[in-house]
Amino acid sequence: MAGDAKRNARDSLVKSQRGTEESAPIKWLLVFVALSFAGIFLLLPLINVFAQALGKGWAAYHRALTDPDTLSAIKLTLTVAAISVPLNLTFGLAAAWCIAKFDFRGKSLLITLIDLPFSVSPVVAGLIFVVLFGLQGYFGQWLDDHDIKIIFATPGIVLATVFITFPFVARELIPVMQATGTEQEEAALTLGASGWRTFWHVTLPSVKWGLLYGVILCNARAMGEFGAVSVVSGHVTGQTDTMPLRVEKLYQEYNSTAAFAVASLLALLALLTLAVKTLLEWKQQRDYERAQHAPTQPENHRASSAV
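Residues numbered from 1 in each chain as written. Predicted model: local features only at pLDDT ≥ 70, side-chain atom pairs only at ≥ 80, totals over all residues. Heavy atoms only, no water.

Engineer: When you look at the overall build of the chain in this model, what are you seeing that I'm missing?
Structural biologist: Across its full length, the chain carries 15 helices and 0 strands. Looking at the 307 residues of the chain, the share that counts as buried comes to 34%. By sequence separation, contacts in the chain at least 24 residues apart represent 73% of the contacts at least 6 residues apart. Accessible area of the chain: about 18700 Å², with a carbon and sulfur share of 65%. (Helix = DSSP H or I, 4+ residues; strand = E, 2+ residues; numbered from the N terminus. Buried < 20%, exposed > 50% of the residue type's maximum accessible area, 1.4 Å probe, protein only. Contact = heavy atoms within 4.5 Å. Areas by Shrake-Rupley, 256 points an atom, 1.4 Å probe, with all protein chains shown as cover.)

Listed below in structure tokens is the structure:
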């Protein structure tokens, strides 16, 4: 019997190795196809952007980025991102907590509304705000009477950006909160912790990586949004131009060096975002592996520390 078991185990190992050897050509073919597509459609265009931007030397590159209108576009882009990301962070936390931790009437409707910006064209989203807050819109006359300007001004750009980046934080947090369950929160509440204390010391630490990941994606989209912002901004040079709009305007004016310079700055911000995202994923994986090898702790350990 022992000899048969050893023989069967050896045969299984041989078959496994043979299967691995047979699938190796397919694996390397798929790797080659993936790397080829990534190089052709991602890497080469990115390299070309930096090559075009620096093609006439560092002096021309520096002059293009220090132009007053370009500096204004950079400042507006960072300002809009600084406003829209915290707003969506607040909404994402609240919505994810409600959806993952509670059952209530209208839950499916809330989930559908969160996904709405994914199904609506950014240009259509911009037109929605023009219809609402434009001079000929529903609230246009009232806003004009009170000297409040939303369309063709910074508030309109912020509204359009918030709408487009609406789902990112919530969509990252919902599955994470659903996976963590409600046991730890219930234990903390049973031990006497308040709702806010439970949230800050139990819920938030368990979803921190998903939260940071959602914020990074939201910030990247906020800085790179073009369609909706293009509709509501009015393209006023030095006032309502963001970096993507500035790139388009410079290119249409046949100032390709300046256009590629601003585009390279956007690409650099995207690469920085990708680096932070990769770092967070590595950190999350390392923490997970440490948790797998760590001694088992009582389930109410974190809950008791919140009291």
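Engineer: In this structure, what is going on with helix H11 (residues 208-224)? I would like to understand it.
Structural biologist: In an α-helix there are 3.6 residues to a turn, and that puts residues three or four apart on one side. Over its 17 residues, H11 extends 25 Å from the first C-alpha to the last, a length consistent with the 24 Å expected when each residue adds 1.5 Å. Buried residues of H11: Trp 209, Gly 210, Leu 211, Gly 214, Ile 216, Cys 218, Ala 222 and Met 223, and no others. Structurally, H11 contributes buried residues whose contacts are with helix H3 (68-101), helix H7 (154-164), helix H8 (167-180), helix H10 (195-206), helix H13 (243-252) and helix H14 (256-293). (Expected span 1.5 Å × (residues − 1).)

Engineer: Help me understand a nonpolar patch on the surface, please; the structure alone is not making it clear to me.
Structural biologist: A cluster of nonpolar residues, Leu 29, Phe 32, Val 33, Phe 37, Ile 40, Phe 41, Leu 42, Leu 43, Leu 44 and Ile 47, forms a patch on the protein surface that exposes about 1100 Å² of accessible area. Its location among the elements puts Phe 41 in helix H1 (residues 2-53). (Patch = residues over 30% accessible without salt bridge, like charges linked within 9 Å, V, L, I, M, F, W, Y side chains within 5 Å. Salt bridge = Lys/Arg side-chain N within 4 Å of Asp/Glu carboxyl O.)

Engineer: Before we go on, may I ask you to explain the environment of Val 215 in this structure?
Structural biologist: Position of Val 215 among the secondary structure elements: in helix H11. As for Val 215 and Thr 165, which are separated by 50 residues in sequence, their C-alpha atoms are 9.9 Å apart. Those residues within four positions of Val 215 in sequence are excluded, and the remaining contacts are Val 85, Leu 89 and Val 169.

Engineer: Got a minute to help me understand the environment of Leu 93 in this structure?
Structural biologist: As for its position among the elements, Leu 93 is in helix H3. Counting along the chain gives 80 residues from Leu 93 to Leu 173, while the straight-line C-alpha distance between them is 7.3 Å.

Engineer: Is there a simple way to explain the packing of aromatic side chains in this structure?
Structural biologist: Given two aromatic rings, one states the distance between the centres and the angle between the planes to describe the pair. In this structure the tally under the stated criterion is 9 aromatic pairs. Taken together, a centroid distance of 5.8 Å and an interplanar angle of 85° make the contact between Phe 118 and Phe 168 edge-to-face. Taken together, the residues span a long stretch of sequence, with Phe 118 in helix H4 (residues 107-119) and Phe 168 in helix H8 at a distance of 50 residues. Ring geometry for Phe 129 and Phe 133: centres 6.4 Å apart, planes at 15°, overall stacked. Of this pair, Phe 129 and Phe 133 are both found in helix H5 (residues 122-133), 4 residues apart, which corresponds to roughly one turn of the helix. For Phe 129, a relative accessible area of 11% puts it in the buried group. Judged by relative accessible area, which is 22%, Phe 133 ranks as partly exposed. (Phe/Tyr/Trp six-rings, centres within 6.5 Å; stacked < 30°, edge-to-face > 60°.)

Engineer: What exactly am I supposed to notice about the packing of H3 against H7 here?
Structural biologist: How two helices sit against one another is set out by the angle between their axes and by the gap between those axes. At their nearest, the axes of H3 and H7 sit 9 Å apart, and the two run at 50° to each other. On the basis of their axis angle, the class for H3 and H7 is oblique. Relative to H7, the crossing made by H3 is right-handed. Taken together, the residues of H7 that come into contact with H3 (itself represented by Leu 76, Val 80, Ile 83, Ser 84, Leu 87 and Asn 88) are Thr 154, Ile 157, Val 158, Thr 161 and Val 162. (Axes fitted to C-alpha atoms, helices over the stretch in contact; angles between N-to-C directions. Parallel < 35°, antiparallel > 145°, perpendicular 65-115°, else oblique. Left-handed = near helix turned anticlockwise from the far one by under 90°.)

Engineer: Sorry, what's going on with the side chain of Asn 88 here?
Structural biologist: Tracing the chain through its elements places Asn 88 in helix H3. Not counting chain neighbours up to four residues away, the residues in contact with Asn 88 comprise Val 162, Thr 165, Phe 166, Val 169 and Cys 218.

Engineer: Could you clarify how one ought to interpret the packing of H3 against H8 in this entry?
Structural biologist: The contact between H3 and H8 brings their axes to 8 Å, and the two run at 35°. Remark: the crossing between H3 and H8 carries right-handed chirality. In this structure, H3 uses Asn 88, Leu 89, Phe 91, Gly 92, Leu 93, Ala 96, Trp 97, Ile 99, Ala 100 and Lys 101 to contact H8, whose residues at the interface are Val 169, Ala 170, Leu 173, Ile 174, Met 177, Gln 178 and Thr 180. Considered class by class, the residues forming the contact of H3 with H8 number 12 nonpolar, 4 polar and 1 charged. (Nonpolar A, V, L, I, M, F, W, Y, C, P; charged D, E, K, R; others polar.)

Engineer: Explain the pattern of salt bridges here, please?
Structural biologist: Where charged atoms from two side chains of opposite charge approach closely, those side chains can pair. Across all of its chains, the model carries 5 salt bridges by this definition. As a salt-bridge pair, Asp 67 and Arg 246 come within 3.2 Å of each other at their nearest N and O atoms. Remark: Arg 246 occurs in helix H13 and Asp 67 occurs in the loop between helix H2 (58-65) and H3; sequence separation between them is 179 residues.

Engineer: Which parts of the structure should I look at to understand the environment of Lys 56?
Structural biologist: Turning to its location among the elements, Lys 56 is positioned in the loop between H1 and H2. Sequence spacing of Lys 56 and Thr 257 is 201 residues, and the spatial spacing of their C-alpha atoms is 7.6 Å.

Engineer: When you look at H4 in this model, what are you seeing that I'm missing?
Structural biologist: Here H4 is 13 residues long and its end C-alpha atoms lie 19 Å apart, about the 18 Å a rise of 1.5 Å per residue gives. The axis of H4 is deflected most strongly, by about 25°, at Leu 113, and proline Pro 117 appears within four residues downstream. Looking only at H4, the buried set comprises Lys 107, Ile 114 and Pro 117. Looking at the buried positions of H4, the neighbouring elements they touch are H3, H7 and H8. (Bend = angle between axes of the 7 residues up to and from the residue.)

Engineer: When you look at the confidence of the model for the chain in this model, what are you seeing that I'm missing?
Structural biologist: Detailed conclusions should not be drawn from predicted coordinates in areas where pLDDT is low. Per-chain confidence: the chain averages 83 in pLDDT, with 88% of residues scoring 70 or above. Per-element averaging of pLDDT across the chain places helix H15 (residues 301-305) at the bottom with 52 and H7 at the top with 94. (pLDDT = per-residue confidence, 0-100.)

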